[in-house]
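Topology and contacts: notes
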Amino acid sequence: ADARIYNSLINACARAGHASKAESWLYEMELCGFAPDQKTYNSLISACAKSSATEMAEHWLHRMQTRGYVPDAVTFGTLMHAFAKVGNITKVEGWLDQML
């Protein structure tokens, strides 16, 4: 296996809205010696957004940043979707401000 396979698995979990399973695959990826990249983190944040796990999404955003990745339009759009889904418009506006 390589990082692309793990990214595909995490992305599949994201599409299905299975944040915990996506998170498990990320941990497995790291245990096998593969480093998550921007795509990995964006997929994991997407899984969190689809399952309304906003705190988990923010956790992974911060971890992404501490690993040296800069959030992009996909990252911010996904975070805005997550907070809109739970009705937190203040956070949506905050993420929009950070994106701009």
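See the structure above.
1. Let's talk about a nonpolar patch on the surface
The grouping of L96, M99 and L100 at the surface amounts to a nonpolar patch, some 300 Å² of accessible area in total. Secondary-structure assignment places L96 in helix 6 (residues 89-99). Exposure remark for L96: the relative accessible area of 35% places this residue in the partly exposed category.

2. Some thoughts on the pattern of salt bridges
In total, this model carries four salt bridges according to the counting rule given. One salt bridge connects R67 with E30, and the closest N-O pair in it is separated by 3.2 Å. Placement of R67 in the loop between helix 4 (54-66) and helix 5 (73-85) and of E30 in helix 2 (residues 19-31) is noted, with a sequence separation of 37 residues between them. Since its relative accessible area comes to 23%, E30 is described here as partly exposed. When salt bridges with common partners are traced through the structure, they connect E30, R63 and R67 into a single cluster.

3. Brief notes about the packing of helix 5 against helix 6
Contact geometry for helix 5 and helix 6: axes closest at 8 Å, N-to-C directions at 170°. With respect to helix 6, the axis of helix 5 lies roughly antiparallel. Where helix 5 approaches helix 6, its residues A73, F76, L79, M80, F83 and A84 are matched on the opposing element by K91, V92, W95, L96, Q98 and M99. Taken together, the residues of the contact of helix 5 with helix 6 break down into 10 nonpolar, one polar and one charged.

4. A few points about helix 1 (residues 3-16)
Taking 1.5 Å as the rise per residue, helix 1 with 14 residues should run 20 Å; its terminal C-alpha atoms sit 20 Å apart, in good agreement. Along helix 1, the residues that are buried comprise Y6, N7, I10, C13 and A14. Considered in projection along helix 1, the buried side chains sweep an arc of 125° and stay on one side of the axis. The exposed residues of helix 1 that point more than 90 degrees off its buried face are R4 and R15. Contacts from the buried residues of helix 1 go to helix 2 and helix 3 (38-50). Backbone geometry just downstream of helix 1 places G17 in the positive-phi region, at approximately 75°.

Analysis parameters
Position numbers for residues start from 1 in each chain and track the written sequence from start to end. Reporting of local features is limited, given that this is a predicted model, to residues whose pLDDT is at least 70; pairs of side-chain atoms are given and counted only at 80 or more, and all residues count toward the totals for whole chains, interfaces and linings. Here the side-chain values reflect all heavy atoms present in the structure, with hydrogen atoms and water set aside. In this scheme, patches are assembled from residues that exceed 30% relative accessible area and form no salt bridge. Like charges are connected within 9 Å, while nonpolar side chains (Val, Leu, Ile, Met, Phe, Trp, Tyr) are connected within 5 Å. Method for areas: the Shrake-Rupley scheme with a 1.4 Å probe, in which residue coverage is limited to the protein chains shown. Salt bridges, as used here, are contacts in which a Lys or Arg side-chain nitrogen is within 4 Å of a carboxyl oxygen on Asp or Glu. Helix and strand definitions follow DSSP, with helices as H or I runs of at least four residues and strands as E runs of at least two, each counted in order from the N terminus. In this scheme, a residue with accessible area under 20% of its type's maximum is buried, one over 50% is exposed, and one in between is partly exposed, where area comes from a 1.4 Å probe on protein chains only. To obtain each axis, a line is fitted to C-alpha atoms, and for helices this fit is confined to the stretch in contact; angles are then taken between N-to-C directions over 0 to 180 degrees. By definition in this entry, angles of less than 35 degrees are roughly parallel, angles greater than 145 are roughly antiparallel, angles of 65 to 115 are roughly perpendicular, and the rest are oblique. Note on definitions: a residue-residue contact is assigned when non-hydrogen atoms from the two residues lie within 4.5 Å. Gly falls in the polar group here, along with every residue not listed as nonpolar (Ala, Val, Leu, Ile, Met, Phe, Trp, Tyr, Cys, Pro) or charged (Asp, Glu, Lys, Arg). To estimate the expected span of a helix, subtract one from its residue number and multiply by 1.5 Å. Picture the helix axis, draw a direction to every C-beta atom, and the arc is the one those directions span.

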